[in-house]
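Inside the fold
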Amino acid sequence: MKKIKSIKLKDKYVNILKITGVILCIFLGIFIFFRKQINDLKKYGYSEKASYNILFSFKKDYILSKGENKTLNAAFESKDYNENNLDRYAKINYVKQDNLIKNINKLIKIGYSNDDIDLILTHGDATAVERFIKRDKVKYLDEFFSIDYAKLDNYDRYVAYSDETGENDDYVVLYVNLNLDEDAYTDSFKVKNFSYDMLINKHRYLDKKFKPKNLVKIDTKYTNDNEFYANKVAVNAFIDMANAASKDGLDLVINSAYRSFDDQLEIENTYRNLYGDDYVTKYVAKAGYSEHQTGLAFDIGSKSSRIFSNSKEYKWVLDNAYKYGFIHRFPKKYENITQISNEPWHFRYVGKKIAKKIYEEDMTLEEYFVKFLDK
Ligand code: ZN
């Protein structure tokens, strides 16, 4: 009896073990199948989270037919995923941006096309996009935003300036990005850091305390006998240039270089007392707004000629300055952009690479800034 009972008990355990085994095998099978599905999706660059959500919304085949697509990945990662917009997500270019899917949903709802949405998303950060979304559908998106440095936040100003002047779209975007549609010296931007490509003008200023890096005294051999200071790299570049000019029988000297905030204030006040406010506004940079405070600007002259713009030296410098890293900063034909009347003598050190580009493409430092630095 005892023996039989123990055999029966053993059978019972065996059966339980068998059933458990089968159940485990089924779960393991499901798990392996599930992992394989996830891995199929991961091969196309979908994240674990996105892959999981794709499987549970039964969109695996759809996704695999689209292949790698970062916007779809973001959509399936997002709590804002909306199945009705699935085909749209697939066609909109991905940008790394907070609330991307939420914003895309809103833009679709407003009635923008996929191309419009691509333009909107690539011309501002998430906050700019959120601001833009608050308005009704706008016109002329393509006109302005096909220009890659156009800014979403400036849209109204582009339209206004374009209506006002009828200028072409490239010019409108350049002009507005430089804040030239606003009065000089108002709402100016404070430039904090020294760099060889820094832009200072009537809309971008330096603090009273700003001092350039590596100010050095310039050997008076290279000046009009006065004592000047400027950035060391710029000074060395000027010396190279002056030596090269001298080999061509020409003499270049520095008539002005670094000027502190207070130096500029003194100049401003002197001219104001002599000629009045209008003159100062037109011809003299206000303290903080002078490029001379950067230590990178030189007023260049020649001992052998009284009027620099008529000299052989001036012609030589126009043709050669870029080789030493200098640009002619305020040419007559770009007065509308620089907002400074033609100054034949004023040259600015920006480094050889930028100087070459500005020279070859015949542009201003303002235009270079908008196109390559202010993105
Ligand atoms: Zn100057």
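Up top is the structure these notes are about.
First, a word on scope: everything that follows refers to the structure included in this document. Think of each chain on its own: its residues are numbered from 1, step by step along the sequence as written. This being a predicted model, a pLDDT of at least 70 is required before a residue's local features are given, and a value of 80 or more before pairs of side-chain atoms are given or counted; all residues contribute to the totals for chains, interfaces and linings. Just so you know, side-chain values use all the structure's heavy atoms and leave hydrogens and water out.

1. Details of the environment of Asn114
Going by this rule: A run of DSSP states H or I qualifies as a helix once it reaches four residues; a run of E qualifies as a strand once it reaches two. Both are numbered from the N-terminal end. Residue contacts are defined here by distance: any two heavy atoms, one from each residue, within 4.5 Å place the two residues in contact.
Mapped onto the elements, Asn114 comes out in helix α7 (residues 114-121). Excluding anything up to four places from it in sequence, Asn114 contacts Arg88, Lys91 and Ile92.

2. Re the packing of aromatic side chains
Put simply, the rule is: The aromatic pairing rule takes the rings of Phe, Tyr and Trp, using the six-membered ring of Trp, and pairs them if the centres are within 6.5 Å, calling planes under 30 degrees apart stacked, those over 60 edge-to-face and the rest tilted. Summary of the burial criterion: residues with accessible area below 20% of their type's maximum are buried, those above 50% are exposed, and those between are partly exposed, where the area comes from a 1.4 Å probe applied to protein chains only. By definition, being over a ring means that NZ of Lys or CZ of Arg is both within 6 Å of the ring centre and within 35 degrees of the ring normal.
Scanning the entire structure with this criterion turns up 28 aromatic pairs. Each ring, one from Tyr185 and one from Tyr289, has its centre 4.7 Å from the other, and the planes form 85°; the classification is edge-to-face. With Tyr185 in the loop between α11 (169-177) and β1 (189-190) and Tyr289 in the loop between α14 (277-283) and β6 (297-301), this residue pair connects regions lying 104 residues apart in the sequence. Residue Tyr185 is classed as buried on the basis of its relative accessible area, which comes to 17%. Seen from their ring centres, Tyr275 and Tyr279 are 4.6 Å apart, and the 40° between their planes marks the pair as tilted. Joined through ring pairs, the aromatic side chains of Tyr112, Phe132, Phe144, Phe145, Tyr155 and Tyr158 make up one cluster. A cation over an aromatic ring shows up here: Lys286 above the ring of Tyr185, its NZ or CZ 4.7 Å from the ring centre.

3. As for the sheet that holds β6
Under the convention used in this document: Only strands that DSSP links by at least two bridges are regarded as paired with each other. Lines fitted to C-alpha atoms define the axes, with helix axes restricted to the stretch in contact, and inter-axis angles between N-to-C directions lie between 0 and 180 degrees.
Taken in spatial order, the four strands make up an open sheet running β5-β6-β8-β7, and their pairing is antiparallel. Strands with a single pairing partner mark the edges of an open sheet, and in this sheet they are β5 (253-256) and β7 (326-328). Direction aside, the axes of adjacent strands within the sheet are offset by 45° on average. Of the pairings in the sheet, the one linking β6 to strand β8 (residues 346-349) comprises three bridges and is antiparallel in character. Paired with Ala297 across the two strands is Arg348, which belongs to β8.

4. A closer look at the pairing of β6
Counting buried positions along β6 yields five of five residues, so the element is predominantly enclosed. Of the two faces of β6, the one carrying Ala297, Asp299 and Gly301 and the one carrying Phe298 and Ile300 are both buried.

5. Looking at the layout of surface pockets
For clarity, the cut-off: Cavities and pockets were defined on a 1 Å grid built from protein atoms only: a cavity is a group of points that admits a 1.4 Å probe but offers it no way out, a pocket is an open group of points flanked by protein on both sides within 12 Å along at least five of seven lines, and a lining residue is one with an atom within 4 Å of any such point. Grid points are joined across faces, edges and corners, and a volume is the space filled by probe spheres set on the points.
Within this model, the largest pocket holds a volume of roughly 550 Å³. Contributing to the lining of the largest pocket are 25 residues, with Arg259, Tyr283, Val284, Glu343 and Trp345 lying nearest its centre. Elements that contribute at least two residues to the lining of the largest pocket include exactly α13 (261-275) and α14.

6. Focus: helix α2 (residues 48-56)
Spelled out, the test is: The directions considered for the arc are those from the helix axis to the C-beta atoms.
Three or more residues of α2 are buried, namely Ala50, Ser51, Ile54 and Leu55. In an axial view of α2, the angular spread of the buried residues amounts to 135°, which keeps them on one side of the axis. Opposite its buried face, α2 presents the exposed residues Lys49 and Phe56, each directed more than 90 degrees away. Phe58 sits one or two residues past α2 and shows a positive phi near 55°.

7. What to know about the packing of helix α10 (residues 155-165) against α11
We count it as follows: An angle below 35 degrees is read as roughly parallel, one above 145 as roughly antiparallel, one from 65 to 115 as roughly perpendicular, and any other as oblique. Helix crossings are classified by the rotation of the near helix relative to the far one: an anticlockwise turn of less than a right angle makes the crossing left-handed, while a clockwise turn makes it right-handed. When residues are sorted by character, Ala, Val, Leu, Ile, Met, Phe, Trp, Tyr, Cys and Pro go into the nonpolar class, Asp, Glu, Lys and Arg into the charged class, and all the rest, Gly among them, into the polar class.
Running from amino to carboxyl end, α10 crosses α11 at an angle of 120°, the nearest separation of the two axes being 9 Å. In this view, α10 runs oblique relative to α11, as classed from their interaxial angle. Here the hand of the crossing between α10 and α11 comes out right-handed. Only Tyr171, Val172, Val173, Tyr175, Val176 and Asn177 of α11 make contact with α10, whose side of the interface consists of Arg157, Tyr158, Tyr161 and Ser162. When grouped by side-chain class, the residues that make up the contact of α10 with α11 number seven nonpolar, two polar and one charged.

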